[in-house]
Structure formats: C-alpha cells, structure tokens
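# Fold and geometry: a report
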Amino acid sequence: MDGVELLPCAAPGSVPKRVLTIAGSDSGGGAGIQADMRTFAMLGVHGSVAVTAVTVQNSLGVTGFQEIAPSTVAAQIDSVMSDIGAGAAKTGMLASAPIIDAIVDQCGASGIGRDTSVPLVVDPVCASMHGNQLLADSALGTLRDRLFPLATVVTPNLDEVRLITGIDVTDTASQRDAARALLDLGPRWALVKGGHLRSSDHSPDLLYDGTEFVELDHERIDTVHDHGAGDTLAAAITCALAHGYSVPDAVSFGKKWVTRCLAAAYPLGGGHGPVNPLWRVSGPATGRA
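Bear in mind the structure is a predicted one, so any value in this text is a computation, not a measurement. (Residues numbered from 1 in each chain as written. Predicted model: local features only at pLDDT ≥ 70, side-chain atom pairs only at ≥ 80, totals over all residues. Heavy atoms only, no water.)

If you look at the biggest cluster of nonpolar residues, it comprises 48 residues, and the most contacted ones within it are Leu20, Ile22, Ile112 and Leu147. With 6 residues, helix α3 (residues 97-110) is the largest single contributor of residues to this core. Not counting residues up to four positions away in its chain, the partners in contact with Ile112 are Leu20, Ile77, Met81, Ala89, Cys107, Val118, Leu120 and Leu150. (Core = buried A, V, L, I, M, F, W, Y, C linked by side-chain atoms within 4.5 Å. Buried < 20%, exposed > 50% of the residue type's maximum accessible area, 1.4 Å probe, protein only. Helix = DSSP H or I, 4+ residues; strand = E, 2+ residues; numbered from the N terminus. Contact = heavy atoms within 4.5 Å.)

Attention shifts here to the pattern of salt bridges. Applying the stated criterion across every chain yields a total of 11 salt bridges. Among the salt bridges present, the one from Arg146 reaches Asp101, with a minimum N-O distance of 2.9 Å. Of this pair, Arg146 sits in helix α4 (residues 140-147) while Asp101 sits in helix α3, placing them 45 residues apart in sequence. Note on Arg146: relative accessible area 32%, which makes it partly exposed. (Salt bridge = Lys/Arg side-chain N within 4 Å of Asp/Glu carboxyl O.)

What follows concerns the side chain of Asp205. Looking at where Asp205 falls in the secondary structure, it is placed in strand β8 (residues 205-208). Engagement of the side chain of Asp205 in a polar contact is seen with the backbone nitrogen of Gly194, the distance being 2.8 Å. A polar contact of 3.2 Å, which involves the side chain of Asp205, links it to the side chain of Lys255. (Polar contact = N/O pair within 3.5 Å; in protein donor to acceptor, adjacent residues only side chain to side chain.)

Our focus in this paragraph is helix α5 (residues 158-165). Of the residues making up α5, those classed as buried are Leu158, Glu160, Val161 and Ile164. Seen along its axis, α5 keeps its buried residues to an arc of 150°; they face one direction. Against the buried residues of α5 lie α4, α6 (172-183) and β7 (189-192). The opening residue of α5, the one whose side-chain oxygen lies 3.1 Å from the backbone nitrogen of Asp159, is Asn157. Positive backbone phi, at 85°, marks Gly166, one or two positions downstream of α5. (Arc of directions from axis to C-beta.)

On to the environment of Gly271, then. Structurally, the position occupied by Gly271 is in the segment after α8 (247-263). For the pair Gly271 and Gly61, spaced 210 residues apart in sequence, the C-alpha to C-alpha distance is 8.1 Å. Discounting residues that sit within four places of it in the chain, Gly271 has contacts with Ser59, Leu60 and His225.

Bringing the packing of aromatic side chains into the picture now. For the structure on display, the rule yields 3 aromatic pairs. Taken together, a centroid distance of 6.2 Å and an interplanar angle of 70° make the contact between Tyr245 and Phe253 edge-to-face. Here Phe253 falls in the buried class, since its relative accessible area comes to 6%. Centroid distance Trp257 to Trp279: 5.2 Å. Interplanar angle 50°. Geometry classified as tilted. Of the two residues, Trp257 sits in helix α8 while Trp279 sits in the segment after α8, which places them 22 residues apart along the sequence. Of the two residues, Trp257 and Trp279, neither departs from the other in class, the shared state being buried. (Phe/Tyr/Trp six-rings, centres within 6.5 Å; stacked < 30°, edge-to-face > 60°.)

Within the fold, His272 resides in the segment after α8. Note on His272: relative accessible area 28%, which makes it partly exposed. For His272 and Thr223, which are 49 residues apart along the polypeptide, the C-alpha to C-alpha distance reads 9.5 Å. A polar contact of 2.5 Å, which involves the side chain of His272, links it to the backbone oxygen of Val224.

Here it is, written out as structure tokens:
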C-alpha cells in the first residue's frame, strides 16, 4: 500500500490549523463528529464542532435521533467562527431542511463557503451504512438548492448520488454523468466516490470541476468494518484544505488516508466496526507512514 504523507503538525505551544465540523453525533463512536474528531486529532489540527443531531446507534444500526434546534446549530457556528475561526469546514448529517437553511445562512454570515477563504466540504449524508434514513425527504431539495452551491467540493457515495441526481452509477460512463449532474447543482468540485461499486475489485473515485476529470483509484480493501469511512475521508480532505492544499491534492490525500484507515479497521460490537485513524499513533512521529 502507498504510504500516507502526513500533514505537518504545529510545534508544541503554538496554534495548530483549525477546522470545523457541522454534523451529527454517533453514540457508538464510529461515524459522525466522533469520526471527524479522531481524524482531526490524528492529523494534528484543532477541531471545533457544531452538532446538528444526536443519534442513538451502535455497530448494528441507528434506532433513533434527536435534532438540535436550527437556531442552536447556527449559534454554534457563529460562536466558533467569531472567536476561534477555521481554515476549512465540513458538513455531515444535517437531518432537516430548517437545519440546512440555518447552516447556509450562518455560513454566509461567517465567511464559510466556496467563494471565501474558508473552503467547505459537503458530505451529503442521507442514510447510514445500514440503510437508516438520516435526512428527511423534504430536505433533499434544500440540500441541492441551497447547500450545494455553497460547497467547495461535495463527496457523495453512490447511494447518495442516486438520491440526489437520480443516476444509478454502474460504470465509468455513468460515474461521469453523475459528476456532471452534481456539478450542475453549483459546487466548485464534485467527487463521486466509488467505494459502493461492489462489482469492481477497486474503489474508483472521480473528481470533476467542469473541465477536468481526475481519477483516483485504489485496490479495494477486503473488510466489512468500514463504518465512518465517508466521514473520515471528508474530514481528511478538510484538514488538507486548511493546510492550503488544492482540491485535487486534498482529495488525493484524503483518499490515501481513508484507505490506510480501512486497512487498519477493527471489529466492534456485533456489527460493522469503524475505520481506524488510530493506526497513526503506532507510526513514526513525522514523515511517511
């Protein structure tokens, strides 16, 4: 497996790069803000949080969730950005149209988004890996019409692509069609992840900006323990953007990071275990791992 070129860490006592995740909490610790914060920590950045929902879940699935009031979600973003700031931000589970509206309005007020100095990674979480719905049907239109135009890059998996665009990705041609359809919704870049293309022995991701297709491929990691993979990828991309990486370089970095985390994944409970950024603590302190 290719090594992962790690991001530089701040010297002890100095301020590290700062990032913000706007997402839901996973009580099982495998996905959501918990997955984001693990990757943030392992990549040496300071992570702040705006919690959108609290889920009741474990390795077997989601049995319920409670939304946070939209005004409270917006207030968290305002509180963080007005004091601590961030070099990049990401979204995850957003639950409802009112929450998305509040996030879009506050991101505009706080200077977060594709046309600002704080790039935004939108991971359009619509359902859990077990198929549990995490976004209200009425919110899909708001996601497409309001949040996607604010995004620097969107990172849907193939199930989310189908919900958002109506395109069933089965091969390279349909993956390119999906990338074009996503870009038509307004983000600067669209990443169509291929991890759910189970007919392939590889995991082919495709990045597109309206001009150039960038193919990012890797041999599929043979594991059922992939809980939080999408969150971990988006979090790693966010960290790289905060370090000033271009979008293609940040996505390439994120792909290598999540692949390494998949290779180190571990079983947990009676279902799907999480991808594992904790491999980092057993690697060298700097350089290539």
